[in-house]
Amino acid sequence: MLINYKSEINRMKKELNVTIVAHFYQRDEVFEMGDITGDSLELARRCKADKNPWVVFCGVGFMGQSVKVIAPEKRVLMPKIACCAMARMIDGSYFDDSIQYMVDKGISKENILPITYINSDATVKSKVGQMGGMVCTSSNAYKIIEKGLESGKKILFVPDRCLGQNFANSMGLKSCIIGEGECDPKDADVICFNGFCSVHQLFTLEDIEFYRERYPDILIAVHPECDPKIVKASDFSGSTSQLIEFVKKLDPEQKVAVGTEYNLVNRMRPNGNTFVLSSTKPECPTMNETTLEDLYLTLKSIEDKKPINEIILDEETTKWANIALERMLEIK
Ligand code: 13P
Ligand code: SF4
(Lines give C-alpha, C1' and ligand atoms only; values in the text may rest on other atoms or scores of the structure.)
(Ligands and ions follow the chains in the order given, each with its own letter.)
Protein backbone atom coordinates (compact mmCIF):
# COMPACT_ATOMS: atom_id res chain seq x y z
CA MET A 1 0.00 0.00 0.00
CA LEU A 2 1.30 3.45 -0.98
CA ILE A 3 1.64 5.83 1.98
CA ASN A 4 0.38 9.39 1.53
CA TYR A 5 3.25 11.05 3.41
CA LYS A 6 1.72 14.53 3.59
CA SER A 7 -1.61 13.46 5.10
CA GLU A 8 0.09 11.03 7.50
CA ILE A 9 2.53 13.76 8.64
CA ASN A 10 -0.38 16.18 9.19
CA ARG A 11 -2.35 13.57 11.13
CA MET A 12 0.54 12.55 13.39
CA LYS A 13 1.77 16.05 14.17
CA LYS A 14 -1.68 17.01 15.49
CA GLU A 15 -2.21 13.81 17.44
CA LEU A 16 1.27 13.83 18.96
CA ASN A 17 1.69 17.58 19.69
CA VAL A 18 4.67 17.94 17.41
CA THR A 19 5.90 21.18 15.86
CA ILE A 20 7.63 20.78 12.51
CA VAL A 21 10.37 23.33 11.94
CA ALA A 22 11.94 23.90 8.51
CA HIS A 23 14.79 26.16 7.42
CA PHE A 24 14.43 28.12 4.16
CA TYR A 25 17.01 25.90 2.42
CA GLN A 26 14.93 22.73 2.74
CA ARG A 27 13.50 21.03 -0.35
CA ASP A 28 10.13 22.55 -1.32
CA GLU A 29 8.03 19.52 -0.32
CA VAL A 30 9.65 19.45 3.15
CA PHE A 31 9.55 23.24 3.58
CA GLU A 32 5.79 23.22 2.89
CA MET A 33 5.22 20.95 5.89
CA GLY A 34 6.83 23.42 8.34
CA ASP A 35 4.71 24.96 11.13
CA ILE A 36 7.63 27.27 11.81
CA THR A 37 9.81 28.33 8.89
CA GLY A 38 12.50 30.95 8.67
CA ASP A 39 16.18 31.76 8.90
CA SER A 40 18.31 30.51 11.76
CA LEU A 41 17.59 33.52 14.04
CA GLU A 42 13.82 33.38 13.54
CA LEU A 43 13.79 29.63 14.08
CA ALA A 44 15.68 29.91 17.37
CA ARG A 45 13.38 32.69 18.64
CA ARG A 46 10.10 31.08 17.56
CA CYS A 47 10.95 27.58 18.79
CA LYS A 48 11.64 29.00 22.22
CA ALA A 49 8.15 30.53 22.35
CA ASP A 50 6.41 27.44 20.95
CA LYS A 51 4.29 25.32 23.34
CA ASN A 52 4.54 21.79 21.89
CA PRO A 53 6.78 19.30 23.76
CA TRP A 54 8.13 17.73 20.55
CA VAL A 55 10.10 19.50 17.82
CA VAL A 56 10.98 17.80 14.55
CA PHE A 57 13.65 19.98 13.00
CA CYS A 58 14.28 19.89 9.24
CA GLY A 59 17.63 21.56 8.84
CA VAL A 60 21.23 20.89 9.82
CA GLY A 61 22.60 19.64 13.15
CA PHE A 62 23.60 22.93 14.77
CA MET A 63 20.06 24.30 14.26
CA GLY A 64 18.41 21.36 16.05
CA GLN A 65 21.05 21.68 18.79
CA SER A 66 20.25 25.38 19.21
CA VAL A 67 16.59 24.57 19.95
CA LYS A 68 17.64 21.92 22.49
CA VAL A 69 20.01 24.42 24.12
CA ILE A 70 17.46 27.22 24.50
CA ALA A 71 14.57 24.90 25.35
CA PRO A 72 16.15 21.81 27.05
CA GLU A 73 12.75 20.56 28.21
CA LYS A 74 11.72 19.89 24.60
CA ARG A 75 12.38 16.60 22.81
CA VAL A 76 14.12 17.58 19.57
CA LEU A 77 14.38 15.06 16.72
CA MET A 78 15.93 15.53 13.29
CA PRO A 79 14.74 13.56 10.24
CA LYS A 80 18.42 13.56 9.17
CA ILE A 81 21.29 14.47 11.44
CA ALA A 82 22.89 16.35 8.57
CA CYS A 83 25.91 18.49 9.40
CA CYS A 84 26.61 21.98 8.03
CA ALA A 85 30.01 21.77 6.26
CA MET A 86 31.12 25.04 7.82
CA ALA A 87 30.10 24.06 11.36
CA ARG A 88 32.21 20.91 10.90
CA MET A 89 35.34 22.98 10.28
CA ILE A 90 35.72 23.87 13.95
CA ASP A 91 35.47 21.79 17.14
CA GLY A 92 36.49 22.47 20.74
CA SER A 93 40.17 21.77 20.14
CA TYR A 94 40.42 24.01 17.05
CA PHE A 95 38.73 26.71 19.12
CA ASP A 96 41.33 26.26 21.89
CA ASP A 97 44.12 26.40 19.27
CA SER A 98 42.76 29.71 17.97
CA ILE A 99 42.79 31.19 21.47
CA GLN A 100 46.34 29.88 21.94
CA TYR A 101 47.36 31.44 18.62
CA MET A 102 46.25 34.85 19.88
CA VAL A 103 47.91 34.31 23.27
CA ASP A 104 51.18 33.36 21.52
CA LYS A 105 50.93 36.60 19.55
CA GLY A 106 50.78 38.60 22.79
CA ILE A 107 47.04 38.99 23.50
CA SER A 108 46.10 37.71 26.96
CA LYS A 109 43.10 35.40 27.25
CA GLU A 110 41.27 38.04 29.35
CA ASN A 111 41.54 40.41 26.40
CA ILE A 112 39.84 38.09 23.90
CA LEU A 113 36.08 38.16 23.30
CA PRO A 114 34.96 35.21 21.16
CA ILE A 115 31.90 35.47 18.91
CA THR A 116 30.65 32.38 17.17
CA TYR A 117 28.37 32.32 14.16
CA ILE A 118 25.33 30.18 14.99
CA ASN A 119 26.65 27.69 12.38
CA SER A 120 28.82 25.91 14.96
CA ASP A 121 28.57 22.92 17.27
CA ALA A 122 27.18 23.32 20.81
CA THR A 123 30.64 22.51 22.25
CA VAL A 124 32.07 25.57 20.48
CA LYS A 125 29.15 27.74 21.65
CA SER A 126 29.74 26.46 25.16
CA LYS A 127 33.42 27.44 25.10
CA VAL A 128 32.45 30.86 23.76
CA GLY A 129 29.90 31.27 26.57
CA GLN A 130 32.49 30.36 29.21
CA MET A 131 34.76 33.14 27.93
CA GLY A 132 32.00 35.77 28.14
CA GLY A 133 31.29 35.63 24.41
CA MET A 134 28.15 35.48 22.28
CA VAL A 135 26.55 33.78 19.32
CA CYS A 136 25.51 35.74 16.23
CA THR A 137 23.63 34.99 13.03
CA SER A 138 23.97 36.67 9.64
CA SER A 139 20.92 38.82 10.58
CA ASN A 140 22.44 40.35 13.68
CA ALA A 141 26.25 40.02 13.29
CA TYR A 142 26.68 43.80 12.95
CA LYS A 143 24.95 44.50 16.28
CA ILE A 144 26.70 41.62 18.06
CA ILE A 145 30.18 42.68 16.92
CA GLU A 146 29.35 46.28 17.85
CA LYS A 147 28.32 45.10 21.32
CA GLY A 148 31.45 42.93 21.59
CA LEU A 149 33.67 45.91 20.77
CA GLU A 150 32.23 47.82 23.76
CA SER A 151 34.28 45.45 25.95
CA GLY A 152 37.46 46.94 24.46
CA LYS A 153 38.70 43.40 23.75
CA LYS A 154 39.95 41.77 20.54
CA ILE A 155 37.19 39.84 18.79
CA LEU A 156 37.89 36.23 17.82
CA PHE A 157 35.26 35.41 15.19
CA VAL A 158 34.57 31.73 14.41
CA PRO A 159 34.08 29.78 12.19
CA ASP A 160 33.22 31.83 9.06
CA ARG A 161 36.11 33.96 7.79
CA CYS A 162 33.84 35.53 5.14
CA LEU A 163 31.13 36.65 7.54
CA GLY A 164 33.76 37.96 9.97
CA GLN A 165 35.57 39.90 7.27
CA ASN A 166 32.44 41.20 5.56
CA PHE A 167 31.06 42.67 8.77
CA ALA A 168 34.46 44.02 9.81
CA ASN A 169 34.68 45.74 6.39
CA SER A 170 31.17 47.20 6.68
CA MET A 171 32.05 48.58 10.13
CA GLY A 172 35.39 50.03 9.00
CA LEU A 173 37.31 47.60 11.24
CA LYS A 174 40.60 45.83 10.54
CA SER A 175 40.45 42.05 10.27
CA CYS A 176 42.76 39.13 9.56
CA ILE A 177 42.44 35.37 9.11
CA ILE A 178 44.38 32.93 11.25
CA GLY A 179 46.71 30.91 9.02
CA GLU A 180 46.43 33.26 6.04
CA GLY A 181 49.22 35.78 5.35
CA GLU A 182 50.55 37.79 8.25
CA CYS A 183 47.73 37.68 10.81
CA ASP A 184 48.94 39.75 13.74
CA PRO A 185 46.06 40.05 16.25
CA LYS A 186 47.71 43.17 17.66
CA ASP A 187 47.02 44.98 14.36
CA ALA A 188 43.44 43.78 13.88
CA ASP A 189 40.09 44.34 15.63
CA VAL A 190 38.48 41.13 14.39
CA ILE A 191 40.56 37.94 14.13
CA CYS A 192 38.78 35.30 12.04
CA PHE A 193 39.01 31.52 12.09
CA ASN A 194 39.66 30.14 8.61
CA GLY A 195 36.26 28.43 8.03
CA PHE A 196 33.88 28.97 5.13
CA CYS A 197 30.69 27.75 3.48
CA SER A 198 31.47 25.69 0.39
CA VAL A 199 28.05 26.51 -1.12
CA HIS A 200 28.49 30.28 -0.86
CA GLN A 201 32.03 30.04 -2.31
CA LEU A 202 30.44 28.95 -5.62
CA PHE A 203 29.52 32.53 -6.58
CA THR A 204 32.22 34.20 -8.66
CA LEU A 205 33.08 37.62 -10.09
CA GLU A 206 32.58 36.04 -13.53
CA ASP A 207 28.97 35.23 -12.56
CA ILE A 208 28.41 38.87 -11.58
CA GLU A 209 30.03 40.12 -14.81
CA PHE A 210 27.88 37.72 -16.86
CA TYR A 211 24.63 39.05 -15.39
CA ARG A 212 25.69 42.71 -15.49
CA GLU A 213 26.68 42.41 -19.16
CA ARG A 214 23.49 40.62 -20.06
CA TYR A 215 21.13 42.91 -18.12
CA PRO A 216 22.85 46.27 -17.45
CA ASP A 217 20.18 47.34 -14.90
CA ILE A 218 20.20 44.10 -12.91
CA LEU A 219 20.77 44.15 -9.14
CA ILE A 220 23.07 41.66 -7.45
CA ALA A 221 22.14 40.53 -3.91
CA VAL A 222 24.24 38.05 -1.92
CA HIS A 223 24.52 36.36 1.48
CA PRO A 224 27.43 37.56 3.68
CA GLU A 225 28.86 34.02 3.67
CA CYS A 226 30.10 34.89 0.15
CA ASP A 227 33.70 35.96 -0.32
CA PRO A 228 34.33 39.66 0.52
CA LYS A 229 35.20 40.42 -3.13
CA ILE A 230 31.74 39.13 -4.15
CA VAL A 231 30.00 41.18 -1.45
CA LYS A 232 31.97 44.26 -2.55
CA ALA A 233 30.91 43.78 -6.18
CA SER A 234 27.22 43.38 -5.21
CA ASP A 235 24.44 45.91 -4.66
CA PHE A 236 23.09 44.32 -1.48
CA SER A 237 24.23 41.80 1.09
CA GLY A 238 21.98 40.29 3.74
CA SER A 239 20.91 37.24 5.67
CA THR A 240 18.37 34.81 4.28
CA SER A 241 15.38 36.81 5.61
CA GLN A 242 16.93 40.12 4.60
CA LEU A 243 17.45 38.82 1.04
CA ILE A 244 13.81 37.70 0.88
CA GLU A 245 12.63 41.14 2.05
CA PHE A 246 14.94 42.90 -0.40
CA VAL A 247 13.60 40.91 -3.37
CA LYS A 248 9.97 41.20 -2.23
CA LYS A 249 10.13 45.01 -2.22
CA LEU A 250 11.51 45.27 -5.78
CA ASP A 251 9.41 46.45 -8.68
CA PRO A 252 8.18 43.28 -10.45
CA GLU A 253 10.07 44.33 -13.59
CA GLN A 254 13.37 44.76 -11.74
CA LYS A 255 15.78 41.94 -12.50
CA VAL A 256 17.87 40.61 -9.64
CA ALA A 257 20.49 37.83 -9.39
CA VAL A 258 20.73 36.33 -5.91
CA GLY A 259 23.81 34.63 -4.50
CA THR A 260 22.56 32.14 -1.95
CA GLU A 261 21.17 28.63 -1.67
CA TYR A 262 19.27 27.35 -4.72
CA ASN A 263 16.01 26.18 -3.09
CA LEU A 264 15.46 29.55 -1.46
CA VAL A 265 16.20 31.63 -4.58
CA ASN A 266 14.03 29.37 -6.69
CA ARG A 267 11.06 30.08 -4.40
CA MET A 268 11.63 33.83 -4.12
CA ARG A 269 9.75 35.52 -6.99
CA PRO A 270 8.41 33.18 -9.61
CA ASN A 271 7.98 35.84 -12.32
CA GLY A 272 11.15 35.16 -14.30
CA ASN A 273 13.02 38.25 -13.06
CA THR A 274 14.89 36.59 -10.20
CA PHE A 275 17.98 34.56 -11.13
CA VAL A 276 20.34 32.28 -9.27
CA LEU A 277 23.74 34.02 -9.40
CA SER A 278 25.59 30.97 -10.65
CA SER A 279 26.17 28.78 -13.65
CA THR A 280 26.00 25.82 -11.25
CA LYS A 281 23.12 24.72 -9.00
CA PRO A 282 24.22 25.96 -5.57
CA GLU A 283 22.28 23.53 -3.39
CA CYS A 284 23.43 22.90 0.17
CA PRO A 285 24.03 19.13 0.02
CA THR A 286 23.32 18.48 3.69
CA MET A 287 20.23 20.71 3.86
CA ASN A 288 18.92 18.76 0.87
CA GLU A 289 19.35 15.37 2.52
CA THR A 290 16.02 15.53 4.36
CA THR A 291 13.13 13.98 2.42
CA LEU A 292 9.40 13.77 3.04
CA GLU A 293 9.86 10.08 3.80
CA ASP A 294 12.44 10.92 6.51
CA LEU A 295 10.00 13.39 8.03
CA TYR A 296 7.24 10.78 8.00
CA LEU A 297 9.51 8.14 9.58
CA THR A 298 10.56 10.54 12.35
CA LEU A 299 6.94 11.28 13.31
CA LYS A 300 6.15 7.56 13.08
CA SER A 301 9.00 6.86 15.52
CA ILE A 302 7.31 9.17 18.05
CA GLU A 303 3.98 7.45 17.46
CA ASP A 304 5.64 4.06 17.95
CA LYS A 305 7.30 5.35 21.17
CA LYS A 306 10.78 4.67 19.74
CA PRO A 307 12.01 8.17 18.86
CA ILE A 308 14.93 8.31 16.42
CA ASN A 309 17.70 10.88 15.84
CA GLU A 310 17.10 12.72 19.08
CA ILE A 311 19.41 15.60 20.02
CA ILE A 312 21.02 14.83 23.38
CA LEU A 313 23.44 17.29 24.98
CA ASP A 314 25.18 17.12 28.34
CA GLU A 315 24.21 19.61 31.05
CA GLU A 316 27.45 21.58 31.12
CA THR A 317 27.52 22.09 27.34
CA THR A 318 23.85 23.09 27.37
CA LYS A 319 24.32 25.53 30.23
CA TRP A 320 27.18 27.50 28.64
CA ALA A 321 25.92 27.29 25.06
CA ASN A 322 22.61 28.64 26.36
CA ILE A 323 24.37 31.57 28.02
CA ALA A 324 26.09 32.42 24.71
CA LEU A 325 22.78 32.14 22.80
CA GLU A 326 20.79 34.11 25.39
CA ARG A 327 23.37 36.93 25.26
CA MET A 328 22.55 37.13 21.55
CA LEU A 329 18.76 36.94 22.02
CA GLU A 330 18.89 39.76 24.58
CA ILE A 331 20.37 42.13 21.99
CA LYS A 332 17.47 43.51 19.95
P1 13P B 1 20.65 32.15 7.91
O2 13P B 1 21.15 32.59 9.25
O3 13P B 1 20.54 33.28 6.94
O4 13P B 1 19.44 31.30 8.04
O5 13P B 1 21.79 31.26 7.27
C6 13P B 1 22.08 30.00 7.74
C7 13P B 1 22.95 29.34 6.78
O8 13P B 1 23.34 28.22 6.99
C9 13P B 1 23.35 30.09 5.60
O10 13P B 1 24.11 29.29 4.77
FE1 SF4 C 1 26.24 25.27 6.22
FE2 SF4 C 1 26.70 26.48 3.90
FE3 SF4 C 1 24.80 24.65 4.08
FE4 SF4 C 1 24.49 27.04 5.24
S5 SF4 C 1 24.65 26.62 3.04
S6 SF4 C 1 24.01 25.06 6.15
S7 SF4 C 1 26.60 27.45 5.90
S8 SF4 C 1 27.02 24.33 4.35
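Residues numbered from 1 in each chain as written. Chains lettered and ligands numbered in written order. Predicted model: local features only at pLDDT ≥ 70, side-chain atom pairs only at ≥ 80, totals over all residues. Heavy atoms only, no water.

A. The arrangement of the overall build of the protein chain in detail. Summing up its helical and strand segments, the protein chain has 14 helices and 13 strands in all. Against the 2.2 N^0.38 benchmark of 20 Å for 332 residues, the protein chain shows a C-alpha radius of gyration of 20 Å, consistent with a compact globule. Expressed along its principal axes, the backbone C-alpha trace of the protein chain runs to roughly 65 × 55 × 30 Å. Residues counted as buried form 55% of the 332 residues belonging to the protein chain. In the protein chain, of all internal contacts separated by at least 6 residues, the share reaching a separation of at least 24 is 63%. (Helix = DSSP H or I, 4+ residues; strand = E, 2+ residues; numbered from the N terminus. Rg over C-alpha atoms; globule rule 2.2 N^0.38 Å. Buried < 20%, exposed > 50% of the residue type's maximum accessible area, 1.4 Å probe, protein only. Contact = heavy atoms within 4.5 Å.)

B. Just the packing of aromatic side chains, in detail. Counted according to the given criterion, the structure contains 7 aromatic pairs. Both rings, one in Tyr-211 and one in Phe-275, keep their centres 5.5 Å apart while their planes meet at 40°; by these two values the pair is tilted. Residue Tyr-211 is found in helix α9 (residues 205-214), and its partner Phe-275 is found in strand β13 (residues 274-276); the two are separated by 64 residues along the sequence. Joined through ring pairs, the aromatic side chains of Phe-210, Tyr-211, Tyr-215 and Phe-275 make up one cluster. Against the face of Phe-31 rests Arg-267, its NZ or CZ located 4.0 Å from the ring centre. (Phe/Tyr/Trp six-rings, centres within 6.5 Å; stacked < 30°, edge-to-face > 60°. Lys NZ or Arg CZ within 6 Å of the ring centre and 35° of its normal.)

C. Region of the structure containing the site of ligand 2. Taken together, the neighbourhood of ligand 2 is formed by Tyr-25, Val-60, Cys-84, Ala-85, Asn-119, Cys-197, Val-199, His-200, Glu-225 and Cys-284. A class-by-class count of the residues in the shell around ligand 2 yields 7 nonpolar, 2 polar and 1 charged. (Near = heavy atom within 4 Å. Nonpolar A, V, L, I, M, F, W, Y, C, P; charged D, E, K, R; others polar.)

D. Quick look at the state of the cysteines. The tally for this structure, following the rule as stated, stands at 1 disulfide. With its sulfur 2.1 Å from that of its partner, Cys-176 forms a disulfide with Cys-183. Taking the sign of the torsion about the S-S bond as the criterion, the disulfide between Cys-176 and Cys-183, at about 50°, is right-handed. With respect to class, Cys-176 is no different from Cys-183; both count as buried. (Disulfide = S-S within 2.5 Å.)

E. Local environment of the packing of helix α6 (residues 122-130) against helix α14 (residues 315-330). Interhelical geometry of α6 versus α14 gives an angle of 70° and a closest axis separation of 7 Å. Judged by the angle between their axes, α6 and α14 are roughly perpendicular. Considering the relative orientation of α6 and α14, their crossing is left-handed. Contact with α6, carried on its side by Ala-122, Thr-123, Lys-125, Ser-126, Val-128, Gly-129 and Gln-130, involves Glu-316, Thr-317, Trp-320, Ala-321, Ala-324, Leu-325 and Arg-327 of α14 and no other residues of that element. Split into classes, the residues belonging to the contact of α6 with α14 amount to 6 nonpolar, 5 polar and 3 charged. (Axes fitted to C-alpha atoms, helices over the stretch in contact; angles between N-to-C directions. Parallel < 35°, antiparallel > 145°, perpendicular 65-115°, else oblique. Left-handed = near helix turned anticlockwise from the far one by under 90°.)

F. Seen up close, the site of ligand 1. The environment of ligand 1 is formed by His-23, Tyr-25, Asp-39, Ser-40, Tyr-117, Asn-119, Ser-138, His-200, His-223, Glu-225, Ser-239 and Thr-240. In this structure, an oxygen atom belonging to ligand 1 sits 2.7 Å away from a side-chain N or O atom of His-23. Residue His-223 places a side-chain N or O atom 3.2 Å away from an oxygen atom belonging to ligand 1. With the chains in place, 96% of the 300 Å² that ligand 1 exposes on its own is no longer accessible. Across the shell around ligand 1, the residue classes break down as 2 nonpolar, 8 polar and 2 charged. (Polar contact = N/O pair within 3.5 Å; in protein donor to acceptor, adjacent residues only side chain to side chain. Areas by Shrake-Rupley, 256 points an atom, 1.4 Å probe, with all protein chains shown as cover.)

G. Expanded view of the pairing of strand β7 (residues 154-158). Where burial is concerned, most of β7 is hidden: 5 out of the 5 residues are buried. Neither face of β7 is exposed, since Lys-154, Leu-156 and Val-158 on one face and Ile-155 and Phe-157 on the opposite face are all buried. With 5 bridges connecting them, strand β5 (residues 112-117) and β7 associate as parallel partners. Across the sheet, the residue bridging to Leu-113 is Ile-155, located in β7. Bridge count for β7 against strand β9 (residues 190-192) is 3 bridges, and the pairing is parallel. If you follow Ile-155 over to β9, its bridge partner there is Val-190. (Pairing = 2+ DSSP bridges.)

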